[in-house]
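Reading the structure
Listed below are the residues making up each chain.
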Amino acid sequence: GYRVSLQGNFFGCNQTYMTFPEYNPRRHIKLDPPLNIQSNATASKCQIWWSVWNVPWYLAEILQYELQYKEYSMSWEVALNKTLPSSLPQVEIEASELRSGIAYAARVRCKVSENENSYHSLWSEWSQTTVFQRADVPKVSEKILNIKTMQYLFIPLSFGTLFYLFWNCKLSSRYVIFILRGLTFPHQLLSFSHSIVCTMGILR
């Protein structure tokens with residue numbers, strides 16, 4: 001440890017004051033705030049990452065981070081805080097914690113982990129902020145919906161055509177049952193509708 005004293009001339013007399021009789025720098029650390037905080041938001045989660053500067057490698061492995069995030073228009077006093085369990089400079093926020101269409105701001109600070117006995121530090125100042133917004137879930141296009149609708153409308157049409165052939169074109173019931181057993185709905189039924197049309201032309 002170290003001994004920290006304060007010397008000065010007070011009222012014409014030199015005085016020495018003992019400020020810290022036993023000062024250990026390891027127990028009085030305050031790190032610089034994290035840098036380069038960035039974010040990437042999708043429809044399922046938001047990833048946030050950052051870097052630290054001027055931190056020895058033996059401290060970087062035992063750092064503890066605290067994330068703070070809020071709606072962009074709100075005050076930091078109502079922000080949500082998360083103490084991260086890992087010393088990795090990154091975190092993910094699930095989309096369920098974010099409101100759709102709302103911009104958010106986030107920042108982070110660091111200190112030596114409280115589980116570490118050899119060192120002790122105060123929280124650093126907060127980093128700069130990063131702004132992000134949850135991406136909306138992509139909507140199914142109207143074209144896909146129209147195709148699906150046409151497919152399911154075609155199924156009863158195919159059945160109707162098949163029974164029309166049975167009653168009017170004198171197809172045997174055994175042949176009809178054989179056809180039905182060979183179909184796997186809905187795609188084979190759709191492809192079979194084309195052959196039905198061809199069969200009608202031949203029977204006529």
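Rules behind the numbers
- Residues numbered from 1 in each chain as written.
- Predicted model: local features only at pLDDT ≥ 70, side-chain atom pairs only at ≥ 80, totals over all residues.
- Heavy atoms only, no water.
- Helix = DSSP H or I, 4+ residues; strand = E, 2+ residues; numbered from the N terminus.
- Buried < 20%, exposed > 50% of the residue type's maximum accessible area, 1.4 Å probe, protein only.
- Contact = heavy atoms within 4.5 Å.
- Areas by Shrake-Rupley, 256 points an atom, 1.4 Å probe, with all protein chains shown as cover.

Going by what an unreviewed UniProt entry lists, the protein chain is known as IL9R protein and is assigned to Chloropsis hardwickii.

Let us now look at the overall build of the protein chain. Within the protein chain, the regular secondary structure consists of four helices and eleven strands. Looking at the 204 residues of the protein chain, the share that counts as buried comes to 27%. Long-range contacts, defined here as pairs at least 24 residues apart, represent 62% of the contacts in the protein chain between residues at least 6 apart. Surface exposure of the protein chain reaches about 14,400 Å², of which carbon and sulfur atoms provide 56%.

Here the focus is the environment of Ser44. If you trace the backbone, Ser44 turns up in the loop between strand 4 (35-41) and strand 5 (45-51). As a C-alpha pair, Ser44 and Ile93 span 49 residues in sequence and 8.9 Å in three-dimensional space. Apart from the residues within four sequence positions on either side, Ser44 is in contact with Glu94 and Ala95.

Bringing the environment of Tyr119 into the picture now. Turning to its location among the elements, Tyr119 is positioned in the loop between strand 9 (103-112) and strand 10 (121-122). Assessed through its relative accessible area of 15%, Tyr119 is described here as buried. The spacing of Tyr119 and Ile29 is 90 residues in sequence and 7.8 Å in space, taken between C-alpha atoms. Beyond its immediate sequence surroundings of up to four residues, Tyr119 is in contact with Arg26, Arg27, Ile29, Tyr58, Leu59, Ile62 and Val112.

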